[in-house]
Amino acid sequence: MIRVENLNFQYPNSERQIFKDLSFNVKKGETLAILGANGIGKTTFVKCLLGFLEYKSGNILINDKSVKQMSASEYWKLVAYVPQSKKSAFGFTGLEMTVMGLSPHVRMGRLPKKEDYERAYEQLRKLGIEHLSEQNCNKMSGGELQMVLIARALIKNPKILIMDEPESHLDLRNQLKILNIVEELNQQGEYSIIINTHFPHHAFRIANSTLLLGKEGYIFDETEKVVNTDNLRNYFGINSEILSYEQAEKSYSTILPIDLHKY
Ligand SMILES: Nc1ncnc2c1ncn2[C@@H]1O[C@H](COP(=O)(O)OP(=O)(O)OP(=O)(O)O)[C@@H](O)[C@H]1O
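None of these values were measured; they are calculated from a predicted model.

**Student:** Explain the overall build of the protein chain to me, and be specific about the residues and the numbers.
**Tutor:** Scanning the protein chain from terminus to terminus reveals nine helices and twelve strands. Taken against the 2.2 N^0.38 rule, which gives 18 Å for 263 residues, the C-alpha radius of gyration of the protein chain at 19 Å falls within 12% of a compact globule. Here the protein chain, with 263 residues, has 46% of them falling under the buried criterion. When contacts within the protein chain are restricted to residue pairs at least 6 apart in sequence, those whose partners lie at least 24 apart make up 64%.

**Student:** So, unusual backbone geometry: which residues are in play, and what are the values?
**Tutor:** A positive phi angle, near 45 degrees, is found at N6, a position not held by glycine. Relative to the helices and strands, N6 resides in strand β1 (residues 2–10). The phi torsion at N157 lies on the positive side, around 50 degrees, for a residue other than glycine. Relative to the helices and strands, N157 is located in the loop between α5 (142–154) and β7 (160–164).

**Student:** Go over the side chain of E165, please, and point to the residues and values.
**Tutor:** With respect to the helices, strands and loops of the structure, E165 is situated in the loop between β7 and α6 (172–188). Apart from residues no more than four positions distant in its own chain, E165 is found in contact with Q84, N196, T197 and H198.

**Student:** Which residues make up the pairing of strand β8 (residues 192–196), and what values do they have?
**Tutor:** Counting buried positions along β8 yields five of five residues, so the element is predominantly enclosed. By the bridge criterion, four bridges tie strand β3 (residues 31–36) to β8 in an arrangement that is parallel. If you follow I34 over to β8, its bridge partner there is N196. A crossover connection joins β7 to the parallel β8 through α6; in handedness this β-α-β unit is right-handed.

**Student:** Go over the sheet that holds strand β2 (residues 17–26), please, and point to the residues and values.
**Tutor:** Backbone-to-backbone hydrogen bonds pair the strands of a sheet. The strands run either parallel or antiparallel. An order of β2-β1-β4-β5 is seen for the four strands of this open sheet, with the pairing classed as antiparallel. Looking at the sheet topology across the chains shown, the edges are occupied by β2 and β5 (65–66). Docked against the sheet, helix α1 (residues 42–49) engages β1, β2 and β4 (57–62), running at close to 65 degrees with respect to β2.

**Student:** Quick rundown of the pattern of salt bridges? Include the residues and the values.
**Tutor:** Here the idea is simple: oppositely charged side chains can pair when their charged atoms come close. A full pass over the atoms with the stated rule returns ten salt bridges. Across the pair E74 and K65 runs a salt bridge whose closest N-O atoms are separated by 3.0 Å. Given a relative accessible area of 31%, E74 falls into the partly exposed group. Here K65 falls in the partly exposed class, since its relative accessible area comes to 32%. Close ionic contact of E183 with R205 constitutes a salt bridge, the shortest N to O distance being 4.0 Å. With E183 in helix α6 and R205 in helix α7 (residues 200–206), this residue pair connects regions lying 22 residues apart in the sequence. Under the relative-accessibility criterion, E183 is labelled buried at 13%. Taking relative accessible area as the criterion, R205 reaches 29% and is therefore assigned partly exposed. Residues joined by salt bridges that share partners form a network here, namely R3, E5 and D64.

**Student:** So what's going on with the layout of surface pockets? Which residues, and what values?
**Tutor:** Of the volumes computed, that of the largest pocket is approximately 550 Å³. If you go around the largest pocket, you meet 23 residues; those closest to its centre are H201, F204, R205, I206 and Y252. At the level of secondary structure, the elements contributing two or more residues to the lining of the largest pocket comprise α6, α7, β11 (238–247) and β12 (250–260). Its residues placed into classes, the lining of the largest pocket shows nine nonpolar, ten polar and four charged.

**Student:** Pulling in residues and values, what's your account of the site of the ligand?
**Tutor:** Neighbouring the ligand are 13 residues; N38, G39, K42, T43 and T44 lie closest to it. In this structure, T43 approaches the ligand through a side-chain N or O atom, which is 2.7 Å from an oxygen atom. Contact with the protein chains hides 58% of the accessible area of the ligand, taken as 640 Å² for the molecule alone. No other element matches the three residues that α1 contributes to the shell around the ligand. By residue class, the composition of the shell around the ligand is four nonpolar, six polar and three charged.

**Student:** Describe the sheet that holds strand β6 (residues 79–82), listing the residues and the values that go with them.
**Tutor:** Taken together, the six strands give an open sheet; going across it, the order is β6-β7-β8-β3-β9-β10, and neighbouring strands pair in mixed fashion. Only two strands of the sheet have a single partner each, and these edge strands are β6 and β10 (218–222). The mean inter-strand angle of the sheet, taken between neighbouring strand axes irrespective of direction, is 15 degrees. Here β7 pairs with β8 via five bridges, running parallel. Bridge pairing links M163 to I195 in β8. Seen against the sheet, α5 touches β6 and β7 and runs at an angle of roughly 175 degrees to β6. Each of β3, β7 and β8 touches α6; the most contacted strand, β8, lies at about 155 degrees to it.

Cut-off values and rules
Residues numbered from 1 in each chain as written. Predicted model: local features only at pLDDT ≥ 70, side-chain atom pairs only at ≥ 80, totals over all residues. Heavy atoms only, no water. Helix = DSSP H or I, 4+ residues; strand = E, 2+ residues; numbered from the N terminus. Rg over C-alpha atoms; globule rule 2.2 N^0.38 Å. Buried < 20%, exposed > 50% of the residue type's maximum accessible area, 1.4 Å probe, protein only. Contact = heavy atoms within 4.5 Å. Pairing = 2+ DSSP bridges. Right-handed = clockwise from strand over helix to strand, strands pointing away. Axes fitted to C-alpha atoms, helices over the stretch in contact; angles between N-to-C directions. Salt bridge = Lys/Arg side-chain N within 4 Å of Asp/Glu carboxyl O. 1 Å grid on protein atoms, 1.4 Å probe; cavity = no way out; pocket = protein on both sides within 12 Å on 5 of 7 lines; lining within 4 Å. Points joined across faces, edges and corners; volume = space filled by probe spheres on them. Nonpolar A, V, L, I, M, F, W, Y, C, P; charged D, E, K, R; others polar. Near = heavy atom within 4 Å. Polar contact = N/O pair within 3.5 Å; in protein donor to acceptor, adjacent residues only side chain to side chain. Areas by Shrake-Rupley, 256 points an atom, 1.4 Å probe, with all protein chains shown as cover.

Structure follows, in structure tokens:
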């Protein structure tokens with residue numbers, strides 16, 4: 001569904017090449033987690049993917065078509081972006097915010113119709129947050145706003161969902177709500193999901209594959225093969241243990257950071 005081939009990117013006036021020959025793919029129905037230390041290039045990658053930054057060479061393809069050959073409306077019908085909910089200043093209600101997600105499908109400049117609002121309400125209801133429809137986004141908690149931003153992304157039935165640390169800044173319950181939604185979307189088998197996260201144990205929980213970015217290169221593979229103590233030492237500079245727990249025939253793993261690795 002989405003394929004990245006030999007992507008190279010460097011900011012102008014910067015010595016450092018952020019990606020060198022980055023290649024990976026995310027199939028339909030799969031979730032990819034992107035992990036890496038602060039400043040390694042996770043957001044830069046998302047900006048390349050969304051077309052806000054131009055990469056030096058390489059290719060990003062959706063359904064075997066280069067995104068550079070797509071019109072903006074063709075691209076935005078396929079791709080939805082869920083930004084972080086922090087530092088938001090939106091004066092819209094939850095319903096209005098969700099209707100905005102339909103913009104690639106409706107003619108520019110026309111007012112949303114009654115059925116657009118009904119569709120938005122239905123989307124909020126599906127996520128169990130219809131009580132936020134009349135609430136001003138400025139007055140929502142981080143978790144509530146994050147859910148509305150997910151509703152805004154899902155309303156247009158995208159094929160690819162790109163989420164930038166959607167569970168950061170949220171309390172444990174709200175983090176779980178977001179993870180549950182991603183898990184549910186993954187199980188529906190209709191989406192390719194790419195999620196930037198700072199939590200390796202979230203990758204365990206929701207991601208079929210993980211891309212671990214580092215200064216000298218990257219690792220891309222099934223999450224269980226990528227998130228291990230050796231890689232956490234090499235890519236994050238920490239000594240850690242992986243703890244696993246089983247309940248109701250489901251297995252859960254988490255990372256226990258022990259101390260800083262001494263080089
Ligand atoms: N406009 C820019 N010009 C030059 N360098 C930049 C620019 N934007 C970001 N960088 C640098 O590129 C590198 C990657 O930044 P990026 O924001 O992609 O990292 P990140 O992995 O998302 O970090 P974090 O986990 O802290 O959010 C950093 O060293 C950053 O300072």
